[in-house]
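# An overview of the molecular structure
Listed below are the residues making up each chain.
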Amino acid sequence: MPTSCSFPCQRSWISYHPSSINLRSHRFVVASSAAAGMELSLTRPDDWHLHLREGELLHAVASHSARQFGRAIVMPNLKPPITTTEAAVAYRQSILKALPEGSVFDPLMTLYLTDNTSPEEIKLARQSGVVFAVKLYPAGATTNSQDGVTDIFGKCIPVLEEMAKHNMPLLVHGEVTDPSVDIFDREKVFIETILEPLLKKLPHLKIVMEHITTMEAVKFIESCSEGSVAATVTPQHLILNRNSLFQGGLQPHNYCLPVLKREIHREAIVSAVTSGSNRYFLGTDSAPHERRRKECTCGCAGIYNAPVALSLYAKVFEQAGSLDKLEAFTSFNGPDFYGLPRNTSKIKLRKSSWKVPVSYPYEHGEIVPMFAGETLEWLPSNN
Ligand code: NCD
Ligand code: ZN
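Bear in mind that the values here come from a model prediction, so they are computed numbers and not experimental data. (Residues numbered from 1 in each chain as written. Chains lettered and ligands numbered in written order. Predicted model: local features only at pLDDT ≥ 70, side-chain atom pairs only at ≥ 80, totals over all residues. Heavy atoms only, no water.)

A few words now on the packing of helix H3 (residues 55-68) against helix H4 (residues 85-98). Axes are the key here: two packed helices are described by the angle between their axes and the distance separating the axes. Following both chains from N to C, one finds H3 and H4 inclined at 65°, their axes separated by 9 Å at the closest point. In this structure, H3 crosses over H4, and the sense of that crossing is right-handed. In this structure, H3 uses Leu58, His59 and Ala62 to contact H4, whose residues at the interface are Ser94, Ile95, Lys97 and Ala98. Partitioning the contact of H3 with H4 into residue classes produces 4 nonpolar, 2 polar and 1 charged. (Axes fitted to C-alpha atoms, helices over the stretch in contact; angles between N-to-C directions. Helix = DSSP H or I, 4+ residues; strand = E, 2+ residues; numbered from the N terminus. Left-handed = near helix turned anticlockwise from the far one by under 90°. Contact = heavy atoms within 4.5 Å. Nonpolar A, V, L, I, M, F, W, Y, C, P; charged D, E, K, R; others polar.)

What follows concerns the site of ligand 1. Taken together, the neighbourhood of ligand 1 is formed by 15 residues, with Arg53, Asn77, Thr142, Leu257 and Asp285 sitting nearest. Here an oxygen atom of ligand 1 sits 2.9 Å away from a polar atom, N or O, in the side chain of histidine 289. Look at ligand 1: alone it shows 310 Å² of surface, and the protein chains cover 100% of it. When each cavity is represented as a set of grid points, ligand 1 is found to reside in the largest cavity. In terms of residue class, the shell around ligand 1 is made up of 4 nonpolar, 9 polar and 2 charged. (Near = heavy atom within 4 Å. Polar contact = N/O pair within 3.5 Å; in protein donor to acceptor, adjacent residues only side chain to side chain. Areas by Shrake-Rupley, 256 points an atom, 1.4 Å probe, with all protein chains shown as cover. 1 Å grid on protein atoms, 1.4 Å probe; cavity = no way out; pocket = protein on both sides within 12 Å on 5 of 7 lines; lining within 4 Å. Sits in = over half its atoms within 2 Å of the grid points.)

For the zinc ion (ligand 2), the protein coordination sphere consists of His49 (NE2), His51 (NE2) and Asp285 (OD), at 2.0 to 2.1 Å. Read N to C, the donor residues that coordinate the zinc ion (ligand 2) are spaced as H-x1-H-x233-D. Of this pair, histidine 51 sits in the loop between strand S2 (47-50) and H3 while aspartate 285 is found in the loop between strand S9 (280-282) and helix H12 (291-294), placing the two residues 234 residues apart along the sequence. Of the residues examined, histidine 51 reaches a relative accessible area of 7% and is grouped as buried. For aspartate 285, a relative accessible area of 6% corresponds to the buried category. (Donors = N, O, S within 2.8 Å, 3.2 Å for Na, K, Ca; no water. Buried < 20%, exposed > 50% of the residue type's maximum accessible area, 1.4 Å probe, protein only.)

So yeah, pure geometry; function would need other evidence.
Put into structure tokens, the structure is as follows:
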């Protein structure tokens, strides 16, 4: 295992990536950066895109999200995927069992859309009170997407019409899977060939474009009517660009899908999110994989960021001089879009250094978090 390579190399990301403080805004950034010891009190954030897995992995990661977030939209890409309300209810029970005692964390469940999902299943989902959305994985786009949709226009329109009727959002992994399309262009081509025509056909369908990565996605979101289409944004797509995949050697722990993009795209997303627009909200896409499945000849896509996400979002808003807009992004825009109440409890983020563990071991493996072994600046706490 290339352990001797990955950590020294990782150290160079953080000294490298504050390329996010670009020269143009440097003076402003210095003037606006928060003083050490400063404390922010935020309405408890929710995570609108989270992979909790199952079994040992679920038990290893659940508390990291539950400690900081009030609720999370839990992705259904298990093996086999969560395609029915009945399976979602059972999965929710297993998540609740994995939470630390006394936790009030509320997992919001989703269904995995297939070519065969029926409109009847959407009615059941709405009635259940625990399923809040349906996830579209184009077949072959990402981890465990092989059972996903092969032809949305040919197979899924009746079910999407039913969702529009129930005001149930469609959560979209927005990448085409055509192998002839360059991997860095797949989001842009998805917008042109799927999302725009889909919205024309079903203008009342609520859509969340998940983990946006490009300026084209920002343009698309801004062009839609407010309250009907929104986007989640991950810490990695706000902090890293595609150089981080190769900085000092191949960096498997920076590999996720959609893959990191050029700096101009990262800058476009940072501007959109820190502008204060209510069309964007927090979705970590925290996607743990056992270390051996990341550091191998065909490594899995997914970055484990749950323990560091809030620190990183705070850093992005601080560097943009927009800390006053952080709370809307972490805690208001998501529930407002989903039509759910905002959380009432608070958390604190203190500007003080803390060291990210090099890994989180569990019985039969370990998980390497984003920025493993690095020092971050904003420390979340419950009191
Ligand atoms: C996710 C996973 O591992 O489940 N991976 C990722 O790179 N983001 C799936 C996904 O959201 O694409
Ligand atoms: Zn995801």
